[in-house]
Structure formats: C-alpha cells, structure tokens
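Notes for the structure review
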Amino acid sequence: TDLFGEVISQTELQALAVPYAGFGDLKLIEELIIKNFLNDQSVNIPTDQEMRANVDQFLLDTYQKFLNRYPNEFELWHMKNLIEENQDVTPELVYYSIMTSNEYRYY
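Residues numbered from 1 in each chain as written. Predicted model: local features only at pLDDT ≥ 70, side-chain atom pairs only at ≥ 80, totals over all residues. Heavy atoms only, no water.

1. A closer look at a nonpolar patch on the surface
- Judged by side-chain polarity, Phe-23, Leu-28 and Leu-32 come together as a nonpolar surface patch covering roughly 250 Å² of accessible area.
- Along the polypeptide, Phe-23 turns up in the loop between helix H1 (10–22) and helix H2 (26–38).
- A relative accessible area of 40% places Phe-23 in the partly exposed class. (Patch = residues over 30% accessible without salt bridge, like charges linked within 9 Å, V, L, I, M, F, W, Y side chains within 5 Å. Areas by Shrake-Rupley, 256 points an atom, 1.4 Å probe, with all protein chains shown as cover. Salt bridge = Lys/Arg side-chain N within 4 Å of Asp/Glu carboxyl O. Helix = DSSP H or I, 4+ residues; strand = E, 2+ residues; numbered from the N terminus. Buried < 20%, exposed > 50% of the residue type's maximum accessible area, 1.4 Å probe, protein only.)

Below is the structure:
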C-alpha cells in the first residue's frame, strides 16, 4: 500500500499468501515480495537524480511515507552521509532498507 498509494486488492493478497504460508523462512519471502514490488513499473520511486538534488527532502518524505515519522537528527545525518558518499545507493535501495527494517515490519 505504501508503494502503490492504494490498498492492495484481496486477490493480490490471496496470491501473496500462498508462498508466504508455504515457505518456512518468512523474512525471506517478505524480502522477495518487497523486491518484486519495487520492480513494478507502476510504483512511483524518485529517480537517483531527484534524490541527490535534495537528499534532506528525499529522506524526510521517505521516512514520513514508510514510518509515519520524521527521521531523528542521527538518522538524517547518517543516511544523508551514506547517500552523498556512495553513488551506489539508489532510491530503491533506501526504500528496500526501510521496508525490511524491524520498525517497518512492526507497524
């Protein structure tokens, strides 16, 4: 729902329930589902250029979108530093890291 901006249909949820129920490692299945969702063309993910143009705003928006809160000063500093010093960090990777975090799973 957070990625698509709309509620996932009951049919899609039932389709996802099959591998989820049939595989012992639930974290692995959740990670595969998240990766699949992030590769969906209908997901609106900022481009790398948009992220790097205003890293602070990207992080504020991302934390608000997925965790319903703003990052604290350390999180903002750490993530901004990580993005600015590493060209391999993409918006998809940031989304993936937040969506597989314990905090995101808890809520």
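Following the structure, the description resumes.
2. A word on the side chain of Thr-100
- Along the chain, Thr-100 falls in the loop between helix H6 (91–99) and helix H7 (102–106).
- A distance of 2.8 Å separates a polar atom in the side chain of Thr-100 from the backbone oxygen of Tyr-96.
- If we skip the residues at most four places from it in the chain, Thr-100 touches Glu-31, Ile-34 and Arg-105. (Polar contact = N/O pair within 3.5 Å; in protein donor to acceptor, adjacent residues only side chain to side chain. Contact = heavy atoms within 4.5 Å.)

3. Brief notes about the packing of H2 against H6
- Where H2 contacts H6, the two axes come as close as 10 Å, and the packing angle between them is 150°. Comparing their axes, H6 and H2 come out roughly antiparallel. Crossing angle aside, the handedness with which H2 passes H6 is right-handed. Residues Glu-31, Ile-34, Lys-35 and Leu-38 of H2 touch H6, and the partners they reach there are Glu-92, Tyr-95, Tyr-96 and Met-99.
- For the contact of H2 with H6, the residue count by class is five nonpolar, no polar and three charged. (Axes fitted to C-alpha atoms, helices over the stretch in contact; angles between N-to-C directions. Parallel < 35°, antiparallel > 145°, perpendicular 65-115°, else oblique. Left-handed = near helix turned anticlockwise from the far one by under 90°. Nonpolar A, V, L, I, M, F, W, Y, C, P; charged D, E, K, R; others polar.)

4. A few points about the nonpolar core
- One finds Leu-3, Phe-66, Ile-83 and Val-94 to be the most contacted residues of the largest nonpolar core, which totals 26 residues.
- When residues of this core are traced back to their parent elements, those giving at least two are H2, helix H4 (55–67), helix H5 (73–85) and H6.
- Per-element tally for this core: the top contributor is H4, with six residues.
- Once residues within four sequence positions are removed from consideration, Phe-66 is found in contact with Asp-2, Leu-3, Tyr-95, Ile-98, Met-99 and Tyr-104. (Core = buried A, V, L, I, M, F, W, Y, C linked by side-chain atoms within 4.5 Å.)

5. Some thoughts on the layout of surface pockets
- Roughly 610 Å³ of internal volume is contained in the largest pocket.
- Asp-2, Ile-34, Met-99, Tyr-104 and Arg-105 are, among the 19 residues lining the largest pocket, the residues nearest its centre.
- Looking at the lining of the largest pocket, the elements that each hand over two or more residues are H1, H2, H4 and H7. (1 Å grid on protein atoms, 1.4 Å probe; cavity = no way out; pocket = protein on both sides within 12 Å on 5 of 7 lines; lining within 4 Å. Points joined across faces, edges and corners; volume = space filled by probe spheres on them.)

6. Structural notes on the pattern of salt bridges
- Per the counting criterion, the structure on display carries six salt bridges.
- Across the salt bridge formed by Glu-30 and Arg-105, the nearest N and O atoms sit 3.0 Å from each other. Here Glu-30 is found in helix H2, whereas its partner Arg-105 is found in helix H7, with 75 residues between them in sequence.
- Take Glu-30: its relative accessible area is 21%, and that puts it in the partly exposed class.

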